[in-house]
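# Examining the three-dimensional arrangement
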Amino acid sequence: MNFVDEYDVIVVGAGHAGCEAAYTTATMGLETCLITIHLETIAQMSCNPAIGGLAKGHLVREIDALGGIMGILADETGIQFRLLNRSRGGAVQAPRAQSDKALYRLTMKNWLEKVPKLTLFQGIVTEILIKDKRARGIKTLEGNRLLAKAVILTPGTFLNGLIHIGLHSYSAGRANEPASHELSTNLKNLGLKTFRLKTGTPMRLHKQSIDWSQFTAQPGDKKPIPFSFRTQKNLKNKILCHIGYTNQKTHEVIKKNLDKSPLYSGKITGVGVRYCPSIEDKVVKFPHHQRHQFFLEPEGLETAEIYVNGISSSLPLEAQKEILKSIPGLDQAKILRPAYGIEYDAVAPTQLNCSLETKKIKNLYLAGQINGTSGYEEAAAQGLMAGINASLKIKKKKHFILGRNEAYIGVLIDDLISKGVEEPYRLFTSRAEYRLLLRIDNADKRLTQYGFKFGLIKEKDYEAYQKKQERIEKAMLFLQKERIITENKEKLRLKDLLKKPEVKFKNVLEYKKFSGLLTDEEIRHVESEVKYEGYLKKQEKEISRMKKIEGEKIPENTNFRKIPGLTREVIEKLEEIRPKTIREAKKIPGITPAATMNLHIHLGIQKRRSEKGEMFHVKH
Amino acid sequence: MVEDTIIAISTPLGYGGLGIVRLSGKKSLPIAKKIFKPKKNKAQIPPRQPILGNLYHFEQKEFFEEAYLTYIPSPHTYTREDVVEISCHGSPVILEEVVRLGIKAGARHARAGEFTLRAFLSGRIDILQAEAINDIIQASSYKQAKISFSQLEGSLSQKIAFLRNRIILLLSQIEASIEFPEEGLRISAKQISKTMEKAIHALSKLVESYNLGKTLSEGLTLAIAGRKNVGKSTLFNSLLQKERAIVTPYPGTTRDYLYDKLNINSSIFTLIDMAGLGSSLHLAEKEGIKRAKILASQADGVLLLLDSSQRESSEDLKLIKKFKNKKTILLFNKIDLPQKMSKKIVKSRAESLPMLEISALKGTNLEKLKEMICEFFVPDQKHGEEIILHLRQKLLLENILDCLVGGKRLLKEGHPEEIYAEEIRKTIPLIGQLTGEISTDDIIQDIFSRFCVGK
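In this numbering scheme, every chain counts its residues from 1 along its sequence in written order. Chain letters start at A and ligand numbers start at 1, both assigned in the order the entries are written. Totals for whole chains, interfaces and linings use every residue, but because this is a predicted model, local features are given only for residues with pLDDT of at least 70 and side-chain atom pairs only at 80 or more, for both listing and counting. Excluded from the side-chain calculation are hydrogens and water; included are all heavy atoms of the structure.

This paragraph deals with the overall build of chain A. Segments assigned H or I by DSSP are reported as helices when at least four residues long, segments assigned E as strands when at least two residues long, and all are numbered from the N terminus. When its secondary structure is counted, chain A shows 19 helices and 23 strands. Principal-axis analysis of the C-alpha atoms gives chain A an extent of 85 × 70 × 55 Å. The classification of residues rests on relative accessible area computed with a 1.4 Å probe and restricted to protein chains. Under 20% of the type maximum is buried, over 50% is exposed, and intermediate values are partly exposed. Taken across its 620 residues, chain A has 59% of its residues classed as buried. Taking contacts inside chain A between residues at least 6 apart in sequence as the whole, the part at least 24 apart equals 73%. Each accessible area is a Shrake-Rupley result for a 1.4 Å probe, and residues are judged covered by the shown protein chains and nothing else. Surface accessibility of chain A: about 26,900 Å² in total, with carbon and sulfur atoms responsible for 52%. As used throughout, the charge tally considers Lys and Arg to be positive and Asp and Glu to be negative, leaving His and the chain termini uncounted. Lys charges are placed at NZ, Arg charges at CZ, Asp charges at CG and Glu charges at CD. When the 102 basic and 72 acidic side-chain charges of chain A are each reduced to a single mean position, those positions are 4 Å apart. Throughout, a residue-residue contact means that at least one pair of heavy atoms, one from each residue, lies within 4.5 Å.

Right under this line is the structure:
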């Protein structure tokens, strides 16, 4: 008799997506089991020892505003903090932190162990149990069954994972960790379409074998900015990163060894991450570049391991050693872990609803790298949303969707489910149409209310948030009301003065005193709100206009062939699916914004023509 | 774009008498109220009634001209939008001032043909109806657009493709610099400004090409062509029944081109009388001839005049050869005089051109000529849709140009990248309507193929 257990939610895989999902469902009051192949590797960072960056840092802020844990954890275990694009406007600034990897996963495990209603379990899942096209639980390798009302699948790169070092390959989900084969087959049998992706990771070196004098140090910020809105303590920088460059000799080595590269010799079939090019990719694509930059990043305070950010590779170990020999400072470096490439199965995310539930099987949610994304932050964001939505479904409540104008999370999920993925998806700020609206300084303003509603943000944190909003309101009123006369005899409201590109809040205070107290972050928020005001207004107008257009109904008998400017492909899709509104039409993959506009204009003309319209003479 | 309220002078300039400025759009009435105050203080302006009042200069805070305002609420208007018409003294100075004030009060200057475009887009008229209304002529850029299109068809799509690539390059430069601040990619504002300049330059030229023959902004243009002294000016005058051109017996007197409007059955044509197209020794004449040749090549149609009281000259035959592939009516003038021209030879060279024998001086067959002009030159409905589509194209290009110019200004004023990037990103859906879509993936791909980034 095998062991059976019953839960509300089972989360498969304790990576960044899985941890957020499990934490979320348990905190929302559902009995959750987080099952993972190896309890030691909960929240293991497979690659970069860092959280954040452009667009990714934005995601972490949003996760935090919604009540997720990545942000607090990054602050807790961060060993160097930097705000990127400091010299630019608020919309493109993003926090980034180097993390102590070991501390990160241990802390996560500790926290998860303490969450009431959350049970950690070590096991290998081989099958999703289905009944009447609905997920009912999972089965493990030993034959044990765990039942649940919903299953969230977050297996990362473990599905049929295959590691390549040079022409040698072996099955693994991460270096020396067993891959998951049966589960992958199971998903295919359930009718889910999968495809192959590839990514890679650089070598790790021993810090004492590096001649640090050859490299330029890169310190953290003087006043580190936390990820989490809830972090109270002051953050400290504890390490330095260093910048180095490859050279012509390095490139020669790489070119010489290309035939031993699994990608360039055709051994790998997966589509690679364009955004994380291996050093082979860089040398091949940019042969005229004299050098390529890399960063030496400590993986933790206690460990000797140094991550070589920028030299990801799947060349054989010998070649990797030669590469190091060619770089002054690394010529004596000892490799602790070789760089490698990894191929894995992903599931085409167009098979998901906007709640991340699969269309084919009810109550089965997919989140993270399995959906074709790359990056811890992209995974965590999906885990959080899948967790919220699985909980809402079980509670028989309406699902939670974020629009593209509300959060990068919205942009991410919408891109995945409507456009699908051809290569590992990474978020960029330019993917957001409303980039000026989606800033790190206003993530709480946009999302904390939802976090509180779902019970993920505690009462006291919500109160702190409200007080912050009051302080900001006061400052905005101050700027709106007070007027001054400048040296050039201009009569201005303080707000208009702050709008000028070179003016900062502290400059404004030189003219008039302000009684309120704002933190640096809050000041940055006020500056952004004011400086972007004109644009924000235009974008708000644009958004409401788009909403109106999207609501337009498409009459049943619409002849799509008559609409000018539509390609044959678009017409075929429209005829096949027969969307009822413009919103539905927009969702069809391949229907472009321009096609939507043409459709909208045509519908408008048709509508007016069908009303009584005669020729009208206007007398001049 | 279609959300704006547009304003323009509705009547041809320079005619004296009455002039009308017209507004169309949601804000027509509020804007008009800023520049017009009724004599009898009415709280509400009643629809469809001309109200007497004064034009109000809100900058100088004074009244300056008596005028009538008629407010016609949507949907029963030409454009289906709210329309306001302000009728006042036809002085161009006054009319232009009214338009300028209207723009200051929140309207936008209508582009050529935009009223009719709105009427068409709103389903109010189709091209058949549009042609029956005087107003089609206001959209003379219809014709220009049609000519532009047929002349530039091949190079047009090339130019638009080039523009699309410029914009992708521009965005990829800016976005790469934003997205990868750590990778030594700092692209200077100067470089970006340069790329913008190139795009703006290419785009301006493209927009220009839709505006051929800007000097003649109304009506289908008909050039009266022919060598010196065949009677062009006489024909010009006769058709117009005015003594506009200077007619002297000496060849080469019309040193410049003269133009005027001819109204035939509610179709308006602009007639151009040009210097003789023969060769000339005088410098001043050479200029006139050069200009004339350009106009003739841009004109919608040509009335090619031959002096049939003389033998056909090699110049005549050259001209026939030149114009026979254009929309041309061949005219044998001076049939009141003894005929010396071999019509057979001419006809054989002219092949399928419509022909007529006339006497410009005596007025013989001029009525028939007018009929022929109407029949032959008025655009057929088939091309109408094309014209509208290309007008839309032109408007899209102008919008794109506005965005780029706006972006450049913001860059110059020292605004950060993400702000002027927004202006440029606005062009993306617009270009998508002209040519293929530009998706963020296109830009991201461009970044990664152009710059070695990504760790």
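After presenting the structure, the write-up continues.
Residue and element names in this part refer to chain A. A pairing counts as a salt bridge when a side-chain nitrogen of Lys or Arg comes within 4 Å of a carboxyl oxygen of Asp or Glu. In this structure the tally under the stated criterion is 59 salt bridges over all chains. Put simply, E377 and K56 hold a salt bridge, and the shortest N to O gap is 3.4 Å. Separated by 321 residues along the polypeptide, E377 in helix α9 (residues 376-394) and K56 in helix α2 (residues 56-65) bring together distant segments of the chain. With respect to burial, E377 and K56 carry one shared label: buried.

All names here are of chain B. Across chain B, the average pLDDT comes to 75, with 69% of residues at or above 70. Within chain B, helix α1 (residues 28-35) carries the highest mean pLDDT (92), whereas helix α4 (residues 127-132) carries the lowest (37). Low pLDDT (under 50) marks residues 211-218, which in the prediction has 22 contacts with non-local residues, meaning those over four places away or in another chain. Below a pLDDT of 50 lies the segment residues 380-388, which in the model reaches 16 contacts outside its immediate sequence neighbourhood of four places, other chains included. The ipTM, which scores confidence in the relative placement of chains, is 0.81 for this predicted complex, and the corresponding pTM is 0.72. Per-residue confidence from the predictor is reported as pLDDT, a score between 0 and 100.

On the surface, a cluster of positive charge is made up of K133, R134, K360, K362 and K396 of chain A. Topologically, K396 of chain A is positioned in the loop between α9 and α10 (408-419). Patch rule: a residue counts if its relative accessible area is over 30% and it has no salt bridge; like charges are joined within 9 Å, and nonpolar side chains (Val, Leu, Ile, Met, Phe, Trp, Tyr) within 5 Å.

Moving on, we come to helix α11 (residues 443-453) of chain A. Residue and element names in this part refer to chain A. Here α11 has its buried residues at A443, D444, R446, L447, T448, Y450 and G451. Lining the buried residues of α11 we find α2 and α12 (459-481). The first or second residue beyond α11 is G455, which carries a positive phi of 85°.

Here we come to the packing of α12 of chain A against helix α15 (residues 520-531) of chain A. Residues and elements named next belong to chain A. Axis separation between α12 and α15 bottoms out at 10 Å; the angle between their running directions is 50°. Relative to α15, the element α12 is oriented oblique. The two elements α12 and α15 meet at a crossing, and its hand is right-handed. Every residue of α15 that contacts α12 at K468, R471, I472, A475, M476 and L479 is listed here: E522, H525, V526, E529 and V530. To obtain an axis, a line is fitted to C-alpha atoms, over the contacting stretch when the element is a helix, and the angle between two such axes runs from 0 to 180 degrees between their N-to-C directions. Each angle receives one of four descriptions, namely roughly parallel if under 35 degrees, roughly antiparallel if over 145, roughly perpendicular if within 65 to 115, and oblique otherwise. Here is the rule for handedness: rotate from the far helix to the near one, and if that takes an anticlockwise turn smaller than a right angle the crossing is left-handed, while a clockwise turn gives right-handed.

Here we come to the pairing of strand β2 (residues 9-12) of chain A. Residue and element names in this part refer to chain A. Side-chain alternation along β2 places V9 and V11 on one buried face and I10 and V12 on a second face that is also buried. Here the rule is simple: two strands pair whenever DSSP picks up at least two bridges between them. Two elements, β2 and strand β3 (residues 32-36), share four bridges in a ladder whose sense is parallel. Each bridged residue has a counterpart across the sheet, and for V12 the counterpart in β3 is I35. A right-handed crossover is one whose linking path, passing over the helix from the first strand to the second, runs clockwise when the strands point away from the viewer. With helix α1 (residues 16-27) bridging β2 and the parallel β3, this β-α-β connection has right-handed handedness. When β2 meets strand β11 (residues 150-153), the two strands line up parallel, connected through four bridges. Each residue of the ladder has a partner; that of V12, found in β11, is L153.

Moving on, we get to the confidence of the model for chain A. Across chain A, the average pLDDT comes to 90, with 94% of residues at or above 70. Under a pLDDT of 50 for its full length, residues 612-620 of chain A has, in the predicted model, 21 contacts with residues more than four places off or in other chains.

The omega torsion across S74 of chain B and P75 of chain B is 5°, close enough to zero to call that bond cis. Structurally, P75 of chain B is set in the loop between β5 (62-72) and β6 (83-89). Despite not being glycine, A43 of chain A has its phi angle at roughly 55°, a positive value. Among the secondary structure elements, A43 of chain A is positioned in the loop between β3 and β4 (50-52). Exposure remark for A43 of chain A: the relative accessible area of 0% places this residue in the buried category. The phi torsion at K396 of chain A lies on the positive side, around 60°, for a residue other than glycine.

Further remarks concern the packing of aromatic side chains. Two aromatic rings, drawn from Phe, Tyr or Trp (for Trp, its six-membered ring), form a pair once their centres lie within 6.5 Å of each other, and the interplanar angle then sorts them: stacked below 30 degrees, edge-to-face above 60, tilted otherwise. Taken as a whole and assessed by the stated rule, the structure comprises nine aromatic pairs over all chains. Centre to centre, the rings of F452 of chain A and Y462 of chain A are 3.9 Å apart; their planes meet at 0°, and the pair counts as stacked. On the criterion of sequence distance, the pair formed by F452 of chain A in helix α11 and Y462 of chain A in helix α12 is long-range, its members being 10 residues apart. Each residue in the set F400, Y450 and F454 of chain A is aromatic and connected to the rest through ring pairs, giving one cluster. Two limits define a charge over a ring: the Lys NZ or Arg CZ must be within 6 Å of the ring centre, and within 35 degrees of the ring normal. The ring of F229 of chain A carries R61 of chain A above its face, with NZ or CZ at 4.9 Å from the centroid. Lying across the ring of F332 of chain B, K343 of chain B places its NZ or CZ 5.4 Å from the centre.

Before going further, it helps to spend a moment on the environment of L141 of chain A. Residues and elements named next belong to chain A. With respect to the secondary-structure elements, L141 resides in the loop between β9 (134-140) and β10 (145-147). Taking C-alpha positions, L141 is 25 Å from G372, a pair spaced 231 residues apart along the chain. Dropping the residues within four chain positions of it, L141 is found in contact with I124, T126 and E182.

Glancing now at the packing of α9 of chain A against α10 of chain A. Residue and element names in this part refer to chain A. Remark: α9 packs on α10, axes separated minimally by 10 Å, with the N-to-C direction vectors making an angle of 90°. The pairing of α9 with α10 is recorded here as roughly perpendicular in orientation. Of α10, the residues touching α9 (which contributes E378, A381, Q382 and M385) are I409, L412, I413 and L416. Polar here means any residue outside two lists: the nonpolar Ala, Val, Leu, Ile, Met, Phe, Trp, Tyr, Cys and Pro, and the charged Asp, Glu, Lys and Arg; Gly therefore counts as polar. Of the residues belonging to the contact of α9 with α10, the class tally is six nonpolar, one polar and one charged.

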